[in-house]
Amino acid sequence: MIHPALWSLKTISKNYLGKRKAYMYYLSNEFRRQLLQRVFWYVKGTFDFSSKEITGPISIVVTGRNDNYGGNFSERLKTTLDWNLSFFPESELIYIEWNKIKEKTSDCEWITSRYSNAYCYIVPNEIHKQICTNTKMPMMEYFAKNIGIRKSKNNWILLINADVLIALDAIRKMKMLNPKYVYSTHYFNIEWDNEKITETTFKNKKSIRNIAYASLNLNGVCGNFILTHKKNWINATGYDESLRDVRAGVDNNGLFQLLHMGLKPMVLGRHFHLNH
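Please read all numbers here as calculations on a predicted model, not as lab measurements. (Residues numbered from 1 in each chain as written. Predicted model: local features only at pLDDT ≥ 70, side-chain atom pairs only at ≥ 80, totals over all residues. Heavy atoms only, no water.)

1. Some thoughts on unusual backbone geometry
Across the chain, the bulk of peptide bonds are trans and the bulk of non-glycine residues have phi less than zero. Applicable threshold: Each helix is a run of DSSP H or I of at least 4 residues and each strand a run of E of at least 2, with the numbering of both proceeding from the N terminus.
Non-glycine residue Asn 68 carries a positive phi angle of around 55°. Following the sequence through the fold, Asn 68 ends up in the loop between strand E2 (59-64) and helix H3 (73-86). A positive phi angle is found at Asn 194, which is not glycine, with a value near 70°. Counting through the fold element by element, Asn 194 comes out in the loop between strand E8 (181-190) and strand E9 (208-212).

Below is the structure:
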């Protein structure tokens, strides 16, 4: 019998690397690191008896731009929002559309009509040009997420990317959380052909392209999914807004700000990224 910590890694390796390459992968440092990380979080989550509070409605912050990023952007966004919000009907959605293209339709139009608890904020090109110092960076994701943090009304804030589905194991644990923790999820990248998302979507092993288990301090996965109490973000002053010419690494920088304040990292489960 395959140990649970080995199962998905073995499946992915056989499907996408072939038997010979899979064998080499098993022997590699990367495989051992991924295995260690999965086992570590499994054990830590199993024996997490820390004091928790009922989460209640949360603020779900999503950012984007009406530039069809990655292709079929609006449909991917609609798919992830439909799934994620169906489990949090009383929570608010805050969508920040950054540096809107004037000639193209805003995603805010269908978002506000489709979701009753949605609040949209559009940052025009004029403001983007005043802030951004990199002409090749049309989307300032973490400035946009800071707006979402400031505008949120609820105690708990989930910053999640537009192409991310929350898995059921994480959804179950999000009902009770510790305000002294910062939470993230393991990364599962899956193929998606515009089909409706159901529970069986996550059971299709062949659709999984690759997996990245969260590192011991959540570095690397926090850009897709990061959840903590609002007071923690306020105390950390959000993401560093002196970083006006770069996007890479800003997510980890924000995470380290939270950890520096004494928050403890914890993995809730998985998230599924729609490959594009």
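Moving on, there is more to tell.
2. Details of the side chain of Lys 145
As a reminder of what qualifies: Exposed residues in this analysis have more than 50% of their type's maximum accessible area, buried residues have under 20%, and partly exposed residues fall in between, with area computed by a 1.4 Å probe over protein chains only. Whether two residues are in contact is decided by their heavy atoms, any of which lying within 4.5 Å being enough.
Position of Lys 145 relative to the elements: it lies in helix H6 (residues 141-151). With relative accessibility at 1%, the residue Lys 145 sits in the buried group. Residue contacts for Lys 145: discarding those within four places in its chain leaves Val 61, Thr 63, Leu 159, Asn 161, Gly 223 and Tyr 239.

3. Notes on empty space enclosed by the protein
So the rule is basically this: Cavity and pocket criteria rest on a 1 Å grid covering protein atoms alone: a 1.4 Å probe that fits but cannot get out defines a cavity, protein on both sides within 12 Å along at least 5 of 7 lines defines an open pocket, and an atom within 4 Å of a point defines a lining residue. Grid points are joined across faces, edges and corners, and a volume is the space filled by probe spheres set on the points. For this classification, Asp, Glu, Lys and Arg are treated as charged, while Ala, Val, Leu, Ile, Met, Phe, Trp, Tyr, Cys and Pro are nonpolar and the rest, including Gly, are polar.
The full count for this structure, using the stated rule, is one cavity of 30 Å³ or more. By volume, the largest cavity is sized at about 80 Å³. What lines the largest cavity is a set of 13 residues, among which Tyr 142, Phe 143, Leu 243, Val 246 and Val 250 lie closest to the centre. Broken down by element, the lining of the largest cavity gets its largest block of residues, four residues, from H6. Within the lining of the largest cavity, the residues separate by chemical class into eight nonpolar, one polar and four charged.

4. A few points about the confidence of the model for the protein chain
What counts here: Per-residue confidence from the predictor is reported as pLDDT, which spans 0 to 100.
Looking at the protein chain, pLDDT values average 91 and 90% of them are 70 or higher. Taken together, the stretch residues 1-7 has pLDDT below 50 and engages in 10 contacts with residues farther than four places along the chain or on a different chain.

5. A few points about the pattern of salt bridges
When the charged atoms of two side chains with opposite charge come close together, those side chains can pair. Operational definition: Throughout this description, the term salt bridge denotes a Lys or Arg side-chain nitrogen within 4 Å of a carboxyl oxygen of Asp or Glu.
Here the structure, examined in full by the defined rule, presents 10 salt bridges. Arg 65 is the salt-bridge partner of Asp 67, the closest N and O atoms lying 3.4 Å from each other. Residue Arg 65 is classed as buried on the basis of its relative accessible area, which comes to 14%. Between Glu 141 and Arg 247 there is a salt bridge; the shortest N-O distance is 3.8 Å. With a gap of 106 residues between them, Glu 141 in helix H6 and Arg 247 in the loop between helix H8 (230-236) and helix H9 (250-260) connect regions that are remote in the sequence. You can call Glu 141 buried: its relative accessible area is 10%. Residue Arg 247 is classed as partly exposed on the basis of its relative accessible area of 34%.

6. Some details on the pairing of E8
Inclusion rule: Strand pairing follows a simple DSSP-based rule, namely that at least 2 bridges must link the two strands.
Here E8 lies mainly inside the structure; 10 of its 10 residues are buried. With nine bridges joining them, E8 and strand E11 (residues 264-274) adopt parallel strand pairing. Bridging across to E11, Ile 190 finds its partner in Leu 274. With four bridges joining them, E8 and E9 adopt antiparallel strand pairing. By the bridge assignment for E9, Asn 189 is matched with Asn 210.

7. Some words on the layout of surface pockets
Of the volumes computed, that of the second largest pocket is approximately 460 Å³. If you list the elements that add at least two residues to the lining of the second largest pocket, you get E2, H3 and H6. Of the residues in the lining of the second largest pocket, the class split is six nonpolar, eight polar and seven charged.

8. Remarks on the packing of aromatic side chains
Using the following cut-off: Put simply, two rings from Phe, Tyr or Trp (the six-membered ring, in Trp's case) pair if the centres are within 6.5 Å, and we call them stacked under 30 degrees between planes, edge-to-face over 60, tilted for the rest. Consider the ring centre and the ring normal. A charge sits over the ring if Lys NZ or Arg CZ is within 6 Å of that centre and within 35 degrees of that normal.
The tally for this structure, following the rule as stated, stands at 13 aromatic pairs. In textbook terms, an aromatic cluster arises when at least three aromatic residues are bridged by ring pairs, as seen for Trp 83, Phe 87, Phe 188, Phe 202, Tyr 213 and Phe 272. Here the basic side chain of Lys 78 rests over the ring of Trp 110, its NZ or CZ set 5.2 Å away from the ring centre. Over the aromatic face of Phe 188 sits the side chain of Arg 270, whose NZ or CZ is 5.7 Å from the ring centroid.

9. Points about the environment of Asn 68
Definition in use: Counting of polar contacts relies on pairs of N or O atoms within 3.5 Å, with two restrictions inside protein: one atom must be capable of donating a hydrogen and the other of accepting it, and residues adjacent in sequence are counted only when both atoms are side-chain atoms.
The exposure class of Asn 68 is partly exposed, given its relative accessible area of 45%. A sequence separation of 129 residues divides Asn 68 from Ile 197, and the C-alpha atoms of the two residues are 21 Å apart. In terms of polar contacts, Asn 68 uses its side chain to reach the backbone amide nitrogen of Asn 72, at 2.8 Å. In terms of polar contacts, Asn 68 uses its side chain to reach the backbone amide nitrogen of Phe 73, at 2.9 Å.

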